[in-house]
Amino acid sequence: MEPCVTQMNYERHFVPRGADMGDWAQLEPLFDKLEQRSLNNTDDLQQWLLDTSELSACISEESSKRHVAMTCATDDPQKEQAYLYFVEEITPKCKPRWQTLRERYVASPARSKLPQPRFTVYDRSTTAAVEIFREENVPLQVEEDKLDQQYQKICGGMTVQFDGKERTLQQMSRYLREPDRALRQQAWEQIVQRRLQDRDAIDEIFDKQLELRGQIARNAGFDNFRDYQFRVYERFDYAPADCLQFHRAIQTVAAPAARKIQEERRESLKVDPLRPWDLAVDPFNRPPLKPFETADQLCKGSSAIFHRIDPELGRQFDEMIQKGWLDLESRKGKAPGGYQATFDEQRRPFIFMNAVGLHGDVETLLHEGGHAFHAVACRDEPLVQYRHCGMEMAEVASMGMELLAYDHLDVFYKSDDLKRARREQMESIIGLFSWIATIDAFQHWLYTGESQWLDDACLAPSRATGNAGGSSAGGDSAPALGVARDTAKHRVARTAAWLRLMDLYGGIEDWTGYENSREALWQRQLHLFGVPFYYIEYGIAQIGALQLWQNARKDKVQALRQYREALKLGGSRPLPELWQAAGLTFDFSQKTLEPLIRAVSDELARL
Ligand SMILES: [Zn+2]
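Everything numeric here is computed off the predicted structure, so don't read it as measured data.

A short note on the coordination of the zinc ion
Here is step 1: Protein coordination at the zinc ion comes from His 367 (NE2), His 371 (NE2), Glu 395 (OE) and Glu 395 (OE), with a distance range of 2.1 to 2.6 Å.
Here is step 2: Metal-centred angles of 53 to 137 degrees between the four donor atoms at the zinc ion mark the site as irregular.
Here is step 3: The sequence motif formed by the donor residues of the zinc ion is H-x3-H-x23-E. Taken together, the residues His 367 and His 371, both in helix 13 (residues 359–377) and four residues apart, mark about one turn of the helix.

Given below as structure tokens:
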């Protein structure tokens, strides 16, 4: 039987019906009960795991509900208050209680007798979380978060005077698509000048974060923050060596393909050389694609695409429409952006976005739709931890859906527009790989000092010499973090490392006259400040998504069946097994990447 979204029978067994998950007085006794229960035999332990999961799902749902309500109406102070109360009063009280429960699990004598492989993934995650936890790191992590908030505040406060008005940098980005080259150069210059004004302040924040992170890792018994963070992210199924292989593959096959696309862009724009302000504009100076007018049209079109991909997925999406589990149109008072949220207790998805009629909106809804299908597919899994999975798989569901939809974009576009939408999709896939490698390699170098991440073995001589980076970083290691180090010296070394990576993976655009901006380009990548090492997941997932796309071209029915089988597993199996279930190979070496890049390039040649 197909899972039916309406079949709602996930009643509370442990948490009292009607208990308010926003009231600590009602939550605390539930944590107390779980802490006190005997876990001496496997039946007790398994029931305890189910009850713990239920409590976790109920609390998570309360948080999601309040977050969704706030983002749908940011101008409603009560909704904001309700959300803030939850994150400030409830979440911090729950946190140490969850840690205690994890410790109880690890200490349980029945743990080793739990059925395997059913509990393998749960066990390795929970054990790792207990092993790396250190009380003395709690205040350091708060400090780290505060520094990230300072960074966000600095970036959020950046505005420029342009075209007679004060504008945020986000608002400025539309001028980078302006066909008038002089105007977009002017806009680009204002943006980068404004960023440079805060370069030192951001460097200072980052210096402190590097120091703190080194300390956190050492406290937890790790040699460096990279190895610590790999454990935090539960990267059990791949290692830094696999990332290095991935970088090499990108350097060899994806970066040259991206430069070729830029070369074509340069020719169609009829400019020489291509400059940094020529990268976002349509290469034929056409106005933006207009796939739909109203949110209703977006819904209907997407539904038609999902039905064509798989009638059951189409039905699930229609049900989301009927139930009002989508809030799509942009309106005053709505938070920016788009996301898919899962209500963990009801086990159902919700999609939020700000559609204004652009191609990006179609991409977003197809993407979030993939996440929603994932949530529906694994809803009968009893453990909430297994109803979620690592990003390396979660984004295969969503990025894969974008690619499965590729052949059905004619729902929104005709003739030349259809070609253009497809071209944009293919080009952005190739372009993203290089940036992912740049950001990831930079972090490996920052936190380990290993020179292999800057290796220039494959660097063509003409590209190596053209850079104004100053001192060589290639053979040097980053000054060890944590030991008293010369901050100024470290900043020079990290600038040189960054420039080297830009040469290894970067594009053909000419930065002459703007060298300072090129040196500081990493400062706008917010992941480096808020979620270190989190980024390569998108590259890994894209490899999976591209394989899925290729599989569907060979055998649509089988590819869809495997896709849905894999989604059904949620996060209950290790990544290589989830990928295998989806018909994909969990490997990021050149052997896997090369044919995929070739397929995208061939597709581009056909368009
Ligand atoms: Zn996503």
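Text resumes after the structure shown.
Remarks on empty space enclosed by the protein
Gaps left between atoms show up when a probe the size of a water molecule is rolled over them.
Here is step 1: Counted by the stated rule, this structure contains two cavities of 30 Å³ or more.
Here is step 2: Forming the walls of the largest cavity are Met 158, Val 192, Arg 195, Leu 196, Ile 202, Ser 517, Ala 520, Leu 521, Gln 523 and Arg 524.
Here is step 3: If you tally residues by element for the lining of the largest cavity, the top one is helix 7 (residues 181–197), at three residues.
Here is step 4: Tallied by class, residues from the lining of the largest cavity come to six nonpolar, two polar and two charged.
Here is step 5: Space inside the second largest cavity adds up to approximately 50 Å³.
Here is step 6: Around the second largest cavity, the lining residues are His 359, Glu 363, Leu 366, Glu 402, Ala 405, Tyr 406, Leu 409 and Gln 425.
Here is step 7: No other element matches the three residues that helix 13 contributes to the lining of the second largest cavity.

Let's talk about the packing of helix 13 against helix 14 (residues 391–404)
Relative orientation and spacing of two packed helices are given, respectively, by the angle between their axes and the distance between those axes.
Here is step 1: Viewed as axis vectors pointing N to C, helix 13 and helix 14 meet at an angle of 135 degrees, and their least axial separation amounts to 7 Å. By the angle between their directions, the pair helix 13 and helix 14 is classed as oblique. Note on packing geometry: the crossing formed by helix 13 with helix 14 is right-handed. Within the contact between the two elements, helix 13 uses Glu 363, Leu 366, His 367, Gly 370, His 371, Phe 373 and His 374 and helix 14 uses Met 393, Ala 394, Glu 395, Ala 397, Ser 398, Met 399, Met 401 and Glu 402.

Digging into the pattern of salt bridges
Here is step 1: All told, the structure shown has 47 salt bridges when counted by the stated rule.
Here is step 2: For the salt bridge of Arg 184 with Asp 278, the shortest nitrogen-to-oxygen distance reads 2.8 Å. Placement of the pair is Arg 184 in helix 7 and Asp 278 in the loop between helix 10 (240–269) and helix 11 (295–309), with a sequence separation of 94 residues.
Here is step 3: The exposure class assigned to Asp 278 is buried, which follows from its relative accessible area of 0%.
Here is step 4: As a salt-bridge pair, Asp 327 and Arg 331 come within 3.0 Å of each other at their nearest N and O atoms.
Here is step 5: By relative accessible area, which is 33% here, Arg 331 ends up partly exposed.

So, the sheet that holds strand 4 (residues 339–343)
Here is step 1: Strand order in the open sheet formed by three strands is 3-5-4, with mixed pairing between adjacent strands. Two strands in the sheet have a free side with no partner beyond their single neighbour: strand 3 (326–329) and strand 4. On average, each strand axis in the sheet is inclined to that of its neighbour by 15 degrees, with strand direction left out of account.
Here is step 2: One ladder, built from five bridges, connects strand 4 with strand 5 (residues 348–355); its direction is antiparallel. Residue pairing across strands places Tyr 339 opposite Phe 352, the latter belonging to strand 5.
Here is step 3: In the packing of helix 11 onto the sheet, the strands contacted are strand 3 and strand 5, and the crossing angle to strand 3 comes to about 120 degrees.
Here is step 4: Sitting on the sheet, helix 13 is in contact with strand 3, strand 4 and strand 5, with an inclination near 170 degrees to strand 5.

Details of the nonpolar core
Here is step 1: By size, the foremost hydrophobic cluster in this structure holds 134 residues, and its most contacted members are Tyr 238, Phe 246, Leu 298, Leu 328, Phe 433, Trp 498 and Leu 593.
Here is step 2: Considering every element that reaches this core, the biggest residue donor is helix 15 (residues 415–448), with 15 residues.
Here is step 3: In contact with Tyr 238, other than residues within four places in its own chain, are Phe 230, Cys 243, Glu 392, Ile 536, Glu 537, Ile 540, Leu 575, Phe 586 and Phe 588.
Here is step 4: In this structure, Phe 31, Leu 34, Leu 45 and Leu 101 belong to the second largest nonpolar core, which totals 29 residues.

Here we look at the pairing of strand 1 (residues 159–162)
Here is step 1: Burial along strand 1 is one-sided: Val 160 and Phe 162 are buried, while Thr 159 and Gln 161, pointing the other way, are not.
Here is step 2: As defined by bridge partners, strand 1 adjoins strand 2 (residues 165–168) across four bridges and the pair is classed as antiparallel. Of the residues in strand 2, the one forming a bridge with Thr 159 is Thr 168.
Here is step 3: The antiparallel pairing of strand 1 with strand 2 creates a hairpin that spans two residues between the two strands, and Asp 163 there sits at a positive phi of about 55 degrees.

Observations regarding the packing of helix 15 against helix 17 (residues 487–505)
Here is step 1: Axis separation between helix 15 and helix 17 bottoms out at 10 Å; the angle between their running directions is 150 degrees. Overall, the two elements helix 15 and helix 17 adopt an arrangement that is roughly antiparallel. Crossing of helix 15 over helix 17 shows right-handed handedness. Between helix 15 and helix 17, the contacting residues are Ser 434, Trp 435, Ala 437, Thr 438, Ile 439, Ala 441, Phe 442, Trp 445 and Leu 446 on the first element and His 490, Ala 493, Arg 494, Ala 497, Trp 498, Leu 501, Met 502 and Tyr 505 on the second.
Here is step 2: Looking at the contact of helix 15 with helix 17, its residues break down into 13 nonpolar, three polar and one charged.

Regarding the side chain of Arg 199
Here is step 1: Tracing the chain through its elements places Arg 199 in helix 8 (residues 199–219).
Here is step 2: Residue classification places Arg 199 among the buried positions, given a relative accessible area of 17%.
Here is step 3: Among the polar contacts made by the side chain of Arg 199, one reaches the side chain of Glu 519 at a distance of 3.0 Å.
Here is step 4: Each residue touching Arg 199, except ones within four places of it in the same chain, is listed here: Thr 495, Asn 516, Glu 519, Ala 520 and Gln 523.

Structural notes on the environment of Ala 375
Here is step 1: Within the element layout of this structure, Ala 375 appears in helix 13.
Here is step 2: Here the alpha-carbon distance between Ala 375 and Leu 567, two residues 192 residues apart in the chain, equals 8.1 Å.
Here is step 3: In this structure Ala 375 touches Gln 340, Thr 342 and Pro 349, once residues within four positions along its chain are discounted.

Observations concerning the side chain of Arg 494
Here is step 1: Tracing the chain through its elements places Arg 494 in helix 17.
Here is step 2: Every residue in contact with Arg 494, bar those within four places of it in the chain, is listed here: Asp 203, Phe 206, Asp 207, Leu 210, Phe 442, Trp 445, Leu 446 and Trp 522.

Some details on the packing of aromatic side chains
Here is step 1: Following the criterion strictly, the structure yields 37 aromatic pairs and no others.
Here is step 2: Measuring from centroid to centroid gives 6.2 Å for Phe 343 and Phe 350, while their planes differ by 70 degrees, and the two rings are edge-to-face.
Here is step 3: On the basis of relative accessible area, Phe 343 is assigned to the buried category, the value being 5%.
Here is step 4: The structure contains a cluster of three or more aromatic residues connected by ring pairs, namely Phe 222, Phe 225, Tyr 228, Phe 230, Tyr 238, Phe 246, Phe 433, Tyr 447, Phe 533, Trp 579, Phe 586 and Phe 588.
Here is step 5: A cation over a ring is seen here: Arg 174 above Tyr 175, with NZ or CZ 4.7 Å from the ring centre.
Here is step 6: The ring of Phe 352 carries the charged tip of Lys 334 above its face, separated from the ring centre by 4.9 Å.

With respect to the confidence of the model for the protein
Interpretation of the predicted coordinates at a detailed level should be avoided for regions scoring low in pLDDT.
Here is step 1: Summing up the model confidence of the protein, the mean pLDDT is 93 and the portion of residues at 70 or higher is 94%.
Here is step 2: Across residues 1–7, where pLDDT falls below 50, the model places 17 contacts with residues more than four positions away in sequence or in other chains.
Here is step 3: Predicted confidence for residues 458–476 stays below pLDDT 50, and this span has 34 contacts to residues more than four positions away or in other chains.

Scoring rules and cut-offs
- Every chain begins its residue count from 1, and numbering advances along the sequence as written.
- Local features in this predicted model are restricted to residues of pLDDT 70 or higher, and side-chain atom pairs are both shown and tallied only at a pLDDT of 80 or more, whereas totals for entire chains, interfaces and linings draw on every residue.
- Each side-chain value is worked out from all heavy atoms of the structure, with water and hydrogens disregarded.
- In this listing, donors mean N, O and S atoms no farther than 2.8 Å from the metal, or 3.2 Å for Na, K and Ca; water is missing from the atoms, so a site can look incomplete.
- Donor angles set the geometry label: tetrahedral for four donors if every angle is between 85 and 135 degrees, square planar for four and octahedral for six if opposite donors exceed 155 degrees and the others are between 65 and 115, irregular for anything else.
- Secondary structure elements follow DSSP: runs of H or I no shorter than four residues count as helices, runs of E no shorter than two count as strands, and numbering proceeds from the N terminus.
- Buried and open spaces are told apart on a 1 Å grid over the protein atoms alone, a cavity being a set of points where a 1.4 Å probe fits but cannot get out and a pocket being an open set with protein on both sides within 12 Å along at least five of seven lines. Residues with an atom within 4 Å of a point are the lining residues.
- Grid points are joined across faces, edges and corners, and a volume is the space filled by probe spheres set on the points.
- Residues were grouped as follows: Ala, Val, Leu, Ile, Met, Phe, Trp, Tyr, Cys and Pro as nonpolar; Asp, Glu, Lys and Arg as charged; and all remaining residues, including Gly, as polar.
- Axes, fitted as lines to C-alpha atoms, cover a helix only where it is in contact. Angles between the N-to-C directions of the axes lie from 0 to 180 degrees.
- Roughly parallel means an angle under 35 degrees; roughly antiparallel, over 145; roughly perpendicular, 65 to 115; everything else is oblique.
- Handedness of a crossing is defined here by the sense of rotation of the near helix relative to the far one, left-handed for an anticlockwise turn of less than a right angle and right-handed for a clockwise turn.
- Whether two residues are in contact is decided by their heavy atoms, any of which lying within 4.5 Å being enough.
- The rule for a salt bridge is simple: a side-chain nitrogen of Lys or Arg has to be within 4 Å of a carboxyl oxygen of Asp or Glu.
- Burial here depends on accessible area, computed with a 1.4 Å probe over protein chains only, as a share of the maximum for the residue type. Under 20% is buried, over 50% is exposed, and the range in between is partly exposed.
- One requirement defines pairing of two strands: DSSP has to find at least two bridges between them.
- The nonpolar core is taken to be a set of buried Ala, Val, Leu, Ile, Met, Phe, Trp, Tyr and Cys residues, with the residues joined through side-chain atoms within 4.5 Å.
- Here a polar contact is recorded for every N or O atom pair within 3.5 Å, except that within protein the pair must consist of a potential hydrogen donor and a potential acceptor, and residues adjacent in sequence are included only if both atoms are side-chain atoms.
- Aromatic contacts are taken between Phe, Tyr and Trp rings whose centres are within 6.5 Å, Trp giving its six-membered ring; a plane angle under 30 degrees counts as stacked, one over 60 as edge-to-face, and the others as tilted.
- To sit over a ring, a charge needs its Lys NZ or Arg CZ within 6 Å of the ring centre and within 35 degrees of the ring normal.
- The pLDDT score gives, residue by residue, the confidence of the prediction method on a 0 to 100 scale.

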